[in-house]
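# Architecture at a glance
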Amino acid sequence: MAAGATDGFILVPHLTPDGLDDFVDRVVPLLQERGVLRRAYTGPTLRSHLGLAEPVWKG
């Protein structure tokens with residue numbers, strides 16, 4: 001991990017209604033260019049994105 005990096009962002013839409021659009025349009029591409037934010041997901045589900053095993057259903 002890079003020194004001085006952040007592990008997340010807090011966006012408050014009711015304080016800055018247009019802030020999310022600016023973030024998505026400007027910050028996300030910069031993070032993707034730097035290789036710290038994925039451009040695509042690895043699978044079709046949240047479970048697969050997180051690398052978790054499929055559950056075993058008993059019934």
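Keep in mind that this is a model prediction, so the values were computed, not measured.

### What to know about the overall build of the protein chain
Tallying secondary structure elements over the protein chain gives two helices and zero strands in all. Relative to the globule expectation of 10 Å for 59 residues, the C-alpha radius of gyration of the protein chain, 16 Å, shows a markedly less compact shape. Here the C-alpha coordinates of the protein chain stretch approximately 50 × 30 × 20 Å along the principal axes. Scored against the burial criterion, the 59 residues of the protein chain give a buried share of 7%. Carbon and sulfur atoms make up 59% of the accessible area of the protein chain, which amounts to about 5700 Å² in all. Side-chain charges of the protein chain comprise 6 positive and 7 negative groups, with the mean position of each set lying 12 Å from the other.

### Here's the deal with helix H1 (residues 19-33)
The first and last C-alpha atoms of H1 sit 21 Å apart over 15 residues, in line with the 21 Å expected at 1.5 Å per residue. Among all positions in H1, only Phe23, Val28 and Leu31 are buried. Count one or two residues on from H1 and you reach glycine 35, which has phi positive near 80 degrees.

### Observations concerning a negative patch on the surface
Among the surface-exposed residues, Asp18, Asp21, Asp22 and Asp25 lie close enough to one another that they form a single negatively charged patch. Following the sequence through the fold, aspartate 18 ends up in the segment before H1. Overall, aspartate 18 belongs to the exposed group, its relative accessible area being 55%.

### A short note on a nonpolar patch on the surface
There is a patch of nonpolar side chains on the surface, built from Phe9, Leu11, Leu20 and Val24 and spanning about 360 Å² of accessible area. Tracing the backbone shows phenylalanine 9 in the segment before H1.

### Overview of the environment of valine 27
Mapping valine 27 onto the fold places it in helix H1. When the C-alpha atoms of valine 27 and aspartate 7 are compared, they prove to be 14 Å apart, with 20 residues separating the residues in sequence.

Scoring rules and cut-offs
Residues numbered from 1 in each chain as written. Predicted model: local features only at pLDDT ≥ 70, side-chain atom pairs only at ≥ 80, totals over all residues. Heavy atoms only, no water. Helix = DSSP H or I, 4+ residues; strand = E, 2+ residues; numbered from the N terminus. Rg over C-alpha atoms; globule rule 2.2 N^0.38 Å. Buried < 20%, exposed > 50% of the residue type's maximum accessible area, 1.4 Å probe, protein only. Areas by Shrake-Rupley, 256 points an atom, 1.4 Å probe, with all protein chains shown as cover. Lys, Arg positive; Asp, Glu negative; His and termini not counted. Charge placed at Lys NZ, Arg CZ, Asp CG, Glu CD. Expected span 1.5 Å × (residues − 1). Patch = residues over 30% accessible without salt bridge, like charges linked within 9 Å, V, L, I, M, F, W, Y side chains within 5 Å. Salt bridge = Lys/Arg side-chain N within 4 Å of Asp/Glu carboxyl O.

Interpretation in functional terms is not warranted from these geometric data alone.
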